[in-house]
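Spelled out, the chains give:
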Amino acid sequence: MICLFLSVFAYVFQSGWTGVNERTFIAIKPDGVQRRLVGQIVQRFEKKGFKLVGMKLIQATEGLLKEHYTELRSKPFFSGLISYMSSGPVVAMVWQGLDVVKMARKMLGETNPADSLPGTIRGDYCVEVGRNVIHGSDSVESAQREISLWFRENELQCWEDTHSHWIYN
Ligand code: ADP
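The model shown is predicted, which means the values in this text are computed figures rather than measured ones.

### Describing the site of the ligand
Neighbouring the ligand are the residues Lys-29, Tyr-69, Leu-72, Phe-77, Leu-81, Arg-105, Thr-111, Arg-122, Val-129, Gly-130 and Asn-132. Side-chain polar atom of Arg-105 to an oxygen atom of the ligand: 2.8 Å apart, as the coordinates give it. Residue Val-129 places a main-chain N or O atom 3.4 Å away from an oxygen atom belonging to the ligand. Burial of the ligand by the protein amounts to 74% of the accessible area it has alone, namely 530 Å². When grouped by side-chain class, the residues that make up the shell around the ligand number five nonpolar, three polar and three charged.

Written out as structure tokens, the structure reads:
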């Protein structure tokens, strides 16, 4: 009942997913899937304490990707980025938790793997900016836009986290 209320509240007021209910959109890119990194990446988010509320393996269309990366359409690497992202399946996910947008970006590292510290996903698993394994929303507003672009409301699960009291005090 509480979940239903929260879903309706979040749908009507897009700012409903705040605090421990904040959500971010994470996508393991085609190179991450091909290189069998899915398990290790998912494990990092689980171990951190975030809650998985949506997940699917999807071959993204060029239309979806152009919309997703619309802010980058004037960049010289844009068409290469769309080809790369549509070259194979992507694992699209929604993770939930306190400050998840900011913390997930820290877990990812910098856009360019060369600037990413060891211990971050891009610092540990990739070399070139054009094959940087993972996407993560850069703000709460972007997360809301990206989640609604990639997921239907009924693809997101609201479930009781039985050990949340070991994550939050
Ligand atoms: P981020 O993914 O870290 O939020 P951006 O939004 O700036 O970074 O870029 C989106 C994606 O575009 C990057 O993750 C990367 O795959 C690709 N990209 C960014 N800069 C370059 C570049 N100079 N050359 C090739 N691809 C790039």
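### Some details on the confidence of the model for the protein
Scored by pLDDT, the protein has a mean of 94; 91% of the residues are at 70 or more. Averaged over each element, pLDDT in the protein is lowest for helix H1 (residues 2-12) (56) and highest for strand E4 (residues 134-136) (99). Interface scoring of the predicted complex returns ipTM 0.98; its pTM is 0.93.

### Remarks on the UniProt feature "active site" (unreviewed entry) in the protein
Taken from the UniProt record, the annotation "active site" (unreviewed entry) applies to His-135. With respect to the element layout, His-135 can be found in strand E4. Looking at His-135, the relative accessible area reads 10%, which means it is buried. Once you skip the residues sitting within four places of it in the chain, His-135 turns out to touch Phe-25, Ile-26, Ala-27, Lys-29, His-68, Tyr-69, Leu-108, Arg-122 and Glu-146.

### Looking at the pattern of salt bridges
One pass over the full model with this rule turns up four salt bridges. Note that Lys-56 is salt-bridged to Glu-155, the shortest N-O span being 3.0 Å. Taken together, the residues span a long stretch of sequence, with Lys-56 in strand E2 (residues 51-58) and Glu-155 in the segment after helix H8 (140-150) at a distance of 99 residues. Looking at Lys-56, the relative accessible area reads 21%, which means it is partly exposed. For Glu-155, a relative accessible area of 23% gives the class partly exposed. Glu-155 serves as the salt-bridge partner of Arg-152, at 3.8 Å between the closest nitrogen and oxygen.

### A word on the environment of Asn-21
Within the fold, Asn-21 resides in the loop between H1 and strand E1 (23-28). Once the C-alpha coordinates of Asn-21 and Gly-109 are considered, the two residues, 88 residues apart in sequence, prove to be 23 Å apart.

Each value, and the rule that gives it
Residues numbered from 1 in each chain as written. Predicted model: local features only at pLDDT ≥ 70, side-chain atom pairs only at ≥ 80, totals over all residues. Heavy atoms only, no water. Near = heavy atom within 4 Å. Polar contact = N/O pair within 3.5 Å; in protein donor to acceptor, adjacent residues only side chain to side chain. Areas by Shrake-Rupley, 256 points an atom, 1.4 Å probe, with all protein chains shown as cover. Nonpolar A, V, L, I, M, F, W, Y, C, P; charged D, E, K, R; others polar. pLDDT = per-residue confidence, 0-100. Helix = DSSP H or I, 4+ residues; strand = E, 2+ residues; numbered from the N terminus. UniProt positions renumbered as here; feature names shortened; annotations may be inferred. Buried < 20%, exposed > 50% of the residue type's maximum accessible area, 1.4 Å probe, protein only. Contact = heavy atoms within 4.5 Å. Salt bridge = Lys/Arg side-chain N within 4 Å of Asp/Glu carboxyl O.

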